[in-house]
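Reading the structure
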Amino acid sequence: MSWLLGTTPTATVRTLTPCTLRYVADPESFLREHPDVALHMAVTLARRVDSLARYLADIKNQFRDRADHLGMIDK
């Protein structure tokens, strides 16, 4: 995500079991050469955005009658 947004990475990966990870030095070239990975990444990001939007809509609905900061979620 940091590559897509042009930001510094902020995540740390910790595993519960031994794992093999890959480092991609040039993400743009890698994704151009492996469109299946790019599609998988796009679907994963879309699911995360959808989950967040549903969560925020639910919170907005729960607190719609509040006059305090919780009632201003969509403002």
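Look a little higher up for the structure.
Below is a short write-up of the structure. (Residues numbered from 1 in each chain as written. Predicted model: local features only at pLDDT ≥ 70, side-chain atom pairs only at ≥ 80, totals over all residues. Heavy atoms only, no water.)

1. Description of the overall build of the protein
Within the protein, the regular secondary structure consists of three helices and zero strands. Relative to the 2.2 N^0.38 estimate, which gives 11 Å for 75 residues, the radius of gyration of the protein is 18 Å and therefore markedly larger than a compact globule would have. Taking the principal axes of its C-alpha atoms as reference, the protein extends roughly 50 × 30 × 20 Å. In the protein, the 10 positive side-chain charges and the 9 negative ones have mean positions that sit 5 Å from each other. (Helix = DSSP H or I, 4+ residues; strand = E, 2+ residues; numbered from the N terminus. Rg over C-alpha atoms; globule rule 2.2 N^0.38 Å. Lys, Arg positive; Asp, Glu negative; His and termini not counted. Charge placed at Lys NZ, Arg CZ, Asp CG, Glu CD.)

2. Quick word on a nonpolar patch on the surface
Taken together, Met 1, Trp 3, Leu 4 and Leu 5 make up a surface patch of nonpolar side chains, about 450 Å² in accessible area. Along the chain, Met 1 falls in the segment before α1 (2-5). Since its relative accessible area comes to 58%, Met 1 is described here as exposed. (Patch = residues over 30% accessible without salt bridge, like charges linked within 9 Å, V, L, I, M, F, W, Y side chains within 5 Å. Areas by Shrake-Rupley, 256 points an atom, 1.4 Å probe, with all protein chains shown as cover. Salt bridge = Lys/Arg side-chain N within 4 Å of Asp/Glu carboxyl O. Buried < 20%, exposed > 50% of the residue type's maximum accessible area, 1.4 Å probe, protein only.)

3. Considering the pattern of salt bridges
On inspection of all chains with the given rule, the structure shows three salt bridges. Between Asp 50 and Arg 54 there is a salt bridge whose closest N-O contact spans 2.8 Å. Of the two residues, Asp 50 and Arg 54 both sit in helix α3 (residues 35-62), four residues apart, roughly one turn of that helix. Residue class for Asp 50 comes out partly exposed when judged on its relative accessible area of 36%.

4. Some remarks on the environment of Val 37
Inspection of the secondary structure puts Val 37 in helix α3. Not counting residues up to four positions away in its chain, the partners in contact with Val 37 are Phe 30 and Leu 31. (Contact = heavy atoms within 4.5 Å.)

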